Amino acid sequence: MRILVYAADPADRKLSGLLAKALPRGAELELLAYASFLKTYKKKAPGAFVYLDAGAEPDAGRLADQGAKLASLALCAWGVVDRGGAIADPAILFFAGARDYIGKSLAREGLPPGRLGRALASAGLAPAAAPSPDSAASAFPGWGALSPGDQVQVRFCYAAVGNQRELLERIGEKRLHKLKEDFAAFLEPWAKECGGIEWIRDQSGSLLLFPPKDEGMNPVLAAFRLLLDRALVGYEVFRLETPLSFRFAFHSGVTMWRPPGSTGTVVSDDVNFIFHLGTKAAADGAIVASEEAERSVPPFLRDLFSPAGDFEGRRLSASKRFRD
Amino acid sequence: MRDRGPLANTMKRGLHESLNTDMLERIAREVFAEEYDLHERTGFPPSVAVPGQVAVDCIVDDAVAQGRFLHLAERLVRLDNEGFMGRAYRVTGLREVFKGIAAEGYLWDEETGHFMEDPHIRRTPSWGRLIPGEEHRFSLLRVDVVRNSQLVRTYGEAAARDAFDDLRSILARCVELRSGRIWSWEGDGALAAFLFGHSTTSAVLSGMALLHELFLYDRIYNSLGEPLKVRAAVHTGPIRYFPEVGEIAKQETVLEVMEAESRWTPPGMLSITPAVAPTLDRVILDRFRPDQAESSRLLVYEVRLGSP
């Protein structure tokens, strides 16, 4: 979870102090020069909540244009910090899709605790609820900082090629095997975009790990996008002449950390559960989520999920499928 | 006309060392026209052989003057790779020519065998290589916003304009990722063109990707009070390329794709014409179905959600 600010002065301590005091746990704050916006936003903005400093661009129309650019090209949520009260009608920003506006009086009084958290939640970048039991683990240190044996709170995702039985008949065992290998290789950078890693491969699919809170694109959204684009991905990425689909299972829990390739001795109920969920309960062309993972579903996708019964004592929800 | 002095000289040196006049003239006929006559171009009488250096200078200078330098370079690459009539030819200096062309902002595309504009440097409507007046078989993707005037009236010009701008960005991403070019954008609708590789497939996949992106856009970013719906259509046919969009817009193939979109395509859908369907691989074609009204011969695609 990152908050990025395009400021008139990236060394502006008053601005960083204003935001830092209301920073949700586990969130990072970064200030960049507004002048570097065009050069940096495609690389820096995806997955972040971006504030534009009206001190650098007091014209509401132009700020709205920049914000729209962020939303459409970097697929991120944005807001405006207007400490000087330069914008007469902040509604213009909201018409353009802004998710937050920190005006003059609020900036003068200081942001109340949880203020930025609510903005992030409204954009689906943080849970809307009050601090959850696992929030203590939300200050995720990064994969590189974990030591073997650490107990770590993560989100699990089991991802696999769908309709494998049908594919076996259509393309044969050898090509299916190659396809599964290619898909696993495809998942590695895909998971990275969401701050995750490919952790364990089995014969059917891959177990991916994501930080407990979003660091980059939301992984459920990324999975949903892959299901939406399945025809394009099958044809353009995997060069298949036969329909391709995927299946995804999400769960949230705790595991003992071992680096990829050294996971033979991992003992974890949650790891067992996600493998069972992914291989036994997940359905082709859909995302299934355990009750622990439900909070990972972004608000704007929640109406596409509905209860899907119980599995090994846990309540499940599943996404609608796209029809061919 | 682009000044290609040093690069042209590099090519001339290589050609002079590699090919005789007879072979040069064969190549020139392929690059320019079957009627290309080296004697006529150089002024040498038919009874006198054109000296090699004169032939090389004439062909390369003509290629530069007529905007066919890249075409000549591509033909030489093919000659170097494949030979001619079973005989191998080595064209020296091609590496330097490649470097010079790359410095001009072009990348070699192995799949099509063409030098293409480096999209990180520029994306021009002519792909930096089309010659005005020349006819090619293009594939076109026409996109139009449904009820655009009503959107402006209901949500105000600024909000509607922002939504149209978002659409433009999304469309540009879908099209340019597949080597297409947006030829025209009228604020609420667009015409995109595809020429190289499997151009119909690229146009169709771009249209499908656009509908997918809009599905997510409506849920995540759309600040209008309703989904941003488009009609999209793909058609293919001959078009004479001109830098002026007006000259292109009145040609038959463009009129046909516009009619397919505006008259026969239901809102929220992408249609393909009977000229496009047979060119698609089955796995893509199967995603399309006949229009429910069955009032046209178009096939349509839309994002459809089913049950969990």
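Since the structure is predicted, the reported quantities are computational estimates derived from the model, not experimental observations.

Draft legend 1. Molecular detail of the sheet that holds strand β1 (residues 2-7) of chain A. Residue and element names in this part refer to chain A. Pairing in this open sheet of five strands is parallel, and the strands run β2-β1-β3-β4-β5 from one edge to the other. The open sheet terminates on both sides in strands that have one partner only, identified here as β2 (28-33) and β5 (100-102). Across the sheet, the mean angle from the axis of one strand to that of its neighbour is 20 degrees, orientation sign disregarded. Relative to β2, β1 is paired through six bridges, and the arrangement is parallel. Each residue of the ladder has a partner; that of R2, found in β2, is E28. Strands β1, β2, β3 (48-53), β4 (77-81) and β5 of the sheet are contacted by helix α1 (residues 13-20), whose axis makes an angle of about 155 degrees with β2. Packed onto the sheet, helix α6 (residues 115-122) meets β1, β3 and β5 and runs at close to 155 degrees relative to β5.

Draft legend 2. Here's a closer look at the interface of chain A and chain B. Across the boundary between the two partners, chain A contributes 39 residues, which contact 28 residues of chain B. Carbon and sulfur atoms supply 57% of the area that chain A and chain B bury against each other, a total of about 3,300 Å² over both sides. Linking chain A with chain B are five salt bridges, by the criterion used here. Of the charged contacts, one joins D303 of chain A and R219 of chain B as a salt bridge, the two residues approaching to 2.7 Å between their closest N and O atoms. Taken together, the links from chain A to chain B amount to twelve residue pairs in polar contact (both at pLDDT 80 or more). Going through the elements one at a time, α3 (60-73), α4 (91-95), α8 (219-228), α9 (230-237) and β12 (314-319) of chain A are the ones with two or more residues in the side of chain A that touches chain B.

Draft legend 3. Structural view of helix α8 (residues 157-176) of chain B. Under the 1.5 Å per step criterion, the end-to-end length of α8 of chain B is 28 Å for 20 residues, consistent within 8% with the ideal 28 Å. Taken residue by residue, α8 of chain B has A159, A160, D162, A163, F164, D166, L167, I170, L171, A172, C174 and V175 of chain B as its buried positions.

Draft legend 4. The arrangement of the packing of aromatic side chains in detail. Within the structure shown, the criterion is met by 28 aromatic pairs over all chains. A centroid spacing of 4.7 Å and a plane angle of 15 degrees characterise the contact between F32 of chain B and Y36 of chain B, whose relative ring orientation is stacked. Among the residues examined, F32 of chain B registers a relative accessible area of 12% and is labelled buried. On the basis of relative accessible area, Y36 of chain B is assigned to the buried category, the value being 6%. By the ring-pair criterion, three or more aromatic residues cluster together here, those being F183, F186, W190, F210, F238, F246 and F248 of chain A. Of note, R314 of chain A hangs over the ring of F273 of chain A, and the distance from its end group to the ring centre comes to 4.4 Å. Stacked on the ring of Y106 of chain B, the Lys or Arg R122 of chain B has its end atom at 5.1 Å from the ring centre.

Draft legend 5. Representation of the pairing of strand β5 (residues 189-194) of chain B in the model. All names here are of chain B. With six of six residues buried, β5 lies mostly within the body of the structure. Residue alternation in β5 divides its side chains into two sets, G189, L191 and A193 and A190, A192 and F194, and both sets are buried. Two strands pair when backbone bridges link them, and strand β3 (residues 135-145) and β5 are joined in this way by six bridges, in the antiparallel orientation. Residue pairing in the sheet places V143 in a bridge with A190 of β5. Across four bridges, the pairing between strand β4 (residues 181-185) and β5 is antiparallel. For W185, the partnering residue across the bridge sits in β5 and is A190. A loop of three residues connects β4 with β5, the two strands running antiparallel in sequence, and G187 in this loop sits at a positive phi of about 100 degrees.

Draft legend 6. Representation of the sheet that holds strand β6 (residues 151-161) of chain A within the structure. All names here are of chain A. Read across the open sheet, the seven strands follow the order β7-β8-β6-β9-β10-β12-β11; overall the sheet is mixed. Two strands in the sheet have a free side with no partner beyond their single neighbour: β7 (197-201) and β11 (305-311). Ignoring strand direction, the axes of neighbouring strands in this sheet form an average angle of 30 degrees. Sheet topology note: the β7/strand β8 (residues 205-210) ladder contains four bridges and is antiparallel. By the bridge assignment for β8, R201 is matched with S206.

Draft legend 7. Seen up close, the pattern of salt bridges. All names here are of chain B. Under the defined criterion, the tally for this structure stands at 40 salt bridges over all chains. The residue D80 makes a salt bridge to R90 at a minimum N-O spacing of 3.3 Å. Of this pair, D80 sits in helix α5 (residues 69-82) while R90 sits in the loop between α5 and α6 (94-103), and the two are ten residues apart along the sequence. Its relative accessible area of 18% is what places D80 among the buried residues. Overall, R90 belongs to the exposed group, its relative accessible area being 58%. Between K250 and E247 there is a salt bridge whose closest N-O contact spans 3.4 Å. A relative accessible area of 57% means that K250 is categorised as exposed. You can call E247 partly exposed: its relative accessible area is 31%. One salt-bridge network, held together by shared partners, links R142, D144, E186 and E261.

Draft legend 8. How the structure looks around the pairing of β11 of chain A. Bridge count between β11 of chain A and β12 of chain A: five bridges; the pairing is antiparallel. Pairing of P307 of chain A across the sheet is with S317 of chain A, part of β12 of chain A.

Draft legend 9. Summary view of the domain arrangement of chain A. You can read the domains of chain A as domain 1 (2-122) and domain 2 (143-319). One C-alpha centre belongs to domain 1 of chain A, the other to domain 2 of chain A, and the line joining them spans 33 Å.

Draft legend 10. Molecular detail of α6 of chain B. Residue and element names in this part refer to chain B. Among the residues making up α6, those that are buried are L94, V97 and I101. With its buried residues spanning 55 degrees around the axis, α6 presents them on a single face. Within α6, the exposed residues directed more than 90 degrees away from the buried face are R95, K99 and A103. The inward-facing, buried residues of α6 contact α1 (5-18), α5, β1 (106-109) and β2 (114-117).

The rules behind each value
Residues numbered from 1 in each chain as written. Chains lettered and ligands numbered in written order. Predicted model: local features only at pLDDT ≥ 70, side-chain atom pairs only at ≥ 80, totals over all residues. Heavy atoms only, no water. Pairing = 2+ DSSP bridges. Helix = DSSP H or I, 4+ residues; strand = E, 2+ residues; numbered from the N terminus. Axes fitted to C-alpha atoms, helices over the stretch in contact; angles between N-to-C directions. Contact = heavy atoms within 4.5 Å. Buried area = accessible area lost by both parts, 1.4 Å probe. Salt bridge = Lys/Arg side-chain N within 4 Å of Asp/Glu carboxyl O. Polar contact = N/O pair within 3.5 Å; in protein donor to acceptor, adjacent residues only side chain to side chain. Expected span 1.5 Å × (residues − 1). Buried < 20%, exposed > 50% of the residue type's maximum accessible area, 1.4 Å probe, protein only. Phe/Tyr/Trp six-rings, centres within 6.5 Å; stacked < 30°, edge-to-face > 60°. Lys NZ or Arg CZ within 6 Å of the ring centre and 35° of its normal. Domains from an automatic or database assignment. Arc of directions from axis to C-beta.

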